Amino acid sequence: MSNRTIADLIKIEPLGPAIGARVDGIDLGKPLDAASRARLGDALIAHKVLFFENQQITSQQQRNFAAAFGKLHIHPIYPQVEDVPEIIVIDTGTENLPDNDNWHTDVTFIETPPLGAVLYAKHLPPNGGDTLWVDNEAAFNALSPAFRAFLERLTATHDFTKSFPAERYARTPAEEKQWLAAKAKNKPVKHPVIRTHPVSGAKALFVNEGFTTHINELSPKESRAVLDLLFTHIGKPDFQVRHRWKVNDVAMWDNRSTQHYAVADYLPHRRIMHRATILGDRPF
């Protein structure tokens, strides 16, 4: 009689030397046992972003899968699936232009940014709409030792309003009320420029174009120069993996060691993604 467990059936195929892996042999719609959860958790840290194909799951099942890894974030701005507020709806097209076409790490505007996220492809354009992820650990390691040492002494401010400006998200009285409440609840926060992974101990860049406004210990001109250098460096293809979506694909990534870019090349077509966001801990 075989002693193989459900976790033993999971197959993990690396897609690159540093980032990305394809996962087979698991149905995300079914409850996650402890061994499978541990296997996926280890793979997430090792490969940073995991791709699961042909996962026909409900919003409740997506929520439950993500919740196996931690408490879930309720986004202050993005619309939510009815009766499943932990799942946000990213529905973009000509009526709602994309806003994730820059390198960003999700929700770094809070004191305890997300551990990770689970993204599910619901509706896709005929072509385009890919997502790219970058390995922030590899990007950090590619810098010179002297520059790494300099960056490790610095902190940066992350601001909700940089990616959620009033001119786009507070256009009606109802939107303005929601936006003002979100702004009041999410004041600018300070995080280290170099983050240490709480599990692996690896160091990674932790600034992103979406939410980082300035480096606190530098003058405005110095801050701009350093951030521009880092944002350009992060965008190098050496550190990236790119996913061409199919309907019912799921991506799960470690938000502590990556950032991502949703390519906005599909207009006038529409793209609908559902995301669950797993809360993390305070960066150090």
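Above: the structure in question.
The structure contained in this document is the topic of the report that follows. (Residues numbered from 1 in each chain as written. Predicted model: local features only at pLDDT ≥ 70, side-chain atom pairs only at ≥ 80, totals over all residues. Heavy atoms only, no water.)

**Considering the pattern of salt bridges**
Consideration 1: Applying the stated rule across the entire model yields 15 salt bridges.
Consideration 2: Salt-bridge contacts for Arg171 lead to Glu175; the nearest nitrogen and oxygen are separated by 3.9 Å.
Consideration 3: Given the relative accessible area of 25%, Glu175 is considered partly exposed.
Consideration 4: Among the salt bridges present, the one from Lys246 reaches Asp249, with a minimum N-O distance of 3.5 Å.
Consideration 5: It is possible to trace a salt-bridge network through shared partners that takes in Glu13, Arg22, Glu53, Lys246 and Asp249. (Salt bridge = Lys/Arg side-chain N within 4 Å of Asp/Glu carboxyl O. Buried < 20%, exposed > 50% of the residue type's maximum accessible area, 1.4 Å probe, protein only.)

**Concerning helix H8 (residues 220-234)**
Consideration 1: Over its 15 residues, H8 runs 21 Å from end to end, which matches the ideal 21 Å to within 8%, given 1.5 Å per residue.
Consideration 2: Where H8 is concerned, the buried positions are Ser223, Val226, Leu227, Leu230, Phe231, His233 and Ile234. The arc enclosing the buried residues of H8, seen along the axis, measures out at 160°, which places them on a common side. Among the exposed residues of H8, those pointing more than 90 degrees away from its buried face are Lys221 and Thr232. (Helix = DSSP H or I, 4+ residues; strand = E, 2+ residues; numbered from the N terminus. Expected span 1.5 Å × (residues − 1). Arc of directions from axis to C-beta.)

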